[in-house]
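Remarks on the overall topology
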Amino acid sequence: MSMTSSRPYFLRAVYEWILDNNCTPHILVDAHVPGTQVPQQHVNNEGQIILNISPSAIKDFFMDNTAVSFNARFSGVVNNLYIPCGAVLGIYARENGQGMMFEPEVNPAPPPPGGPTPAPSGGSAGGAKIDAAPAKRPGLRVVK
């Protein structure tokens, strides 16, 4: 069963936790993720930008399961920023660095050309029996 990304849920939770502790939330953004709209002149050599998302620093803040968006000033100029949740690499408190970092999201592989293969039609009332390889189970490992 395929599940949606947990990243937007963690982003909202950590954002609220940082604010509840009277700290300043910052996000680390991969500016090269498609759909990301940030001022490119402030992006570093690695293609990343750190943004202050404190309520006192931005306006029109909105965060949902797809993106974070807000207005912010850069060099006195108002910019509309749009950051897909997959572009957020981390969220942390400026004062102490506590927060959460995320692995870059891997885009799913495109479907093979020609579409899905049709199932063979069976002549019996119970339908055709197809031998399928057993599904791989996810595994856990200890990371030190």
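Figured I'd write up the structure that's included with this text. (Residues numbered from 1 in each chain as written. Predicted model: local features only at pLDDT ≥ 70, side-chain atom pairs only at ≥ 80, totals over all residues. Heavy atoms only, no water.)

Observations regarding the packing of aromatic side chains
Applied cut-off: Paired rings are identified among Phe, Tyr and Trp, the last through its six-membered ring, by centres lying within 6.5 Å, and are further divided according to the angle between planes into stacked (under 30 degrees), edge-to-face (over 60) and tilted (the rest). Runs of E in the DSSP output that reach at least two residues are strands. Runs of H or I that reach at least four are helices, and both are numbered from the N terminus. Exposed residues in this analysis have more than 50% of their type's maximum accessible area, buried residues have under 20%, and partly exposed residues fall in between, with area computed by a 1.4 Å probe over protein chains only.
What the rule picks out here adds up to two aromatic pairs. Residues Tyr15 and Phe61 carry aromatic rings whose centres are separated by 4.9 Å and whose planes lie at 20° to one another, so their mutual orientation is stacked. Placement of the pair is Tyr15 in helix α1 (residues 7-20) and Phe61 in strand β3 (residues 58-63), with a sequence separation of 46 residues. The class of Phe61 is partly exposed, set by a relative accessible area of 28%.

Overview of the sheet that holds strand β5 (residues 77-84)
To keep things clear, this is the line we draw: Should DSSP find at least two bridges between two strands, the strands are regarded as paired. The convention used is that axes are lines fitted to C-alpha atoms, helices contributing only their stretch in contact, and that angles between N-to-C directions extend from 0 to 180 degrees.
Read from one edge to the other, the open sheet built from three strands follows the order β3-β4-β5, with strand pairing classed as antiparallel. Each edge of the open sheet carries a strand with a single partner, namely β3 and β5. Sheet twist, expressed as the mean angle between neighbouring strand axes with direction ignored, is 15°. Of the pairings in the sheet, the one linking β3 to strand β4 (residues 67-74) comprises four bridges and is antiparallel in character. Looking across to β4, one finds that Phe62 is bridged to Ser69.

A closer look at unusual backbone geometry
In this model, Asn22 sits at a positive phi of 55°, which is unusual for a non-glycine residue. Turning to its location among the elements, Asn22 is positioned in the loop between α1 and β1 (25-30). For Ser75, which is not glycine, the phi dihedral falls at a positive 55°. Secondary-structure assignment places Ser75 in the loop between β4 and β5. Ser75 sits in the exposed class, given a relative accessible area of 71%.

Here we look at the sheet that holds strand β2 (residues 48-52)
Stated precisely, the cut-off is as follows: Here, two residues are considered to be in contact whenever any of their heavy atoms come within 4.5 Å of each other.
Read from one edge to the other, the open sheet built from four strands follows the order β2-β1-β6-β7, with strand pairing classed as antiparallel. Both edges of this open sheet fall to β2 and β7 (99-101), since each of them pairs with a single strand only. Geometrically, the sheet is characterised by an average inter-axis angle of 20° between neighbouring strands, direction not taken into account. Across five bridges, β1 lies against β2 in antiparallel orientation. Along β2, the bridge assignment pairs His26 with Asn52. Along the sheet, α1 makes contact with β1, β6 (88-93) and β7, crossing β6 at roughly 15°.

Considerations on the side chain of Asn71
Keep this limit in mind: Here a polar contact is taken to be a pair of N or O atoms separated by no more than 3.5 Å, where protein atoms must pair a possible hydrogen donor with a possible acceptor and residues adjacent in sequence count only if both atoms sit in side chains.
In this fold, Asn71 is placed in strand β4. Side-chain polar atoms of Asn71 contact the side chain of Asp60, separated by 2.8 Å. Contacts of Asn71, omitting those with residues within four sequence positions, involve Ile58, Lys59, Asp60, Val78, Asn79 and Asn80.

Geometry only, nothing functional implied.
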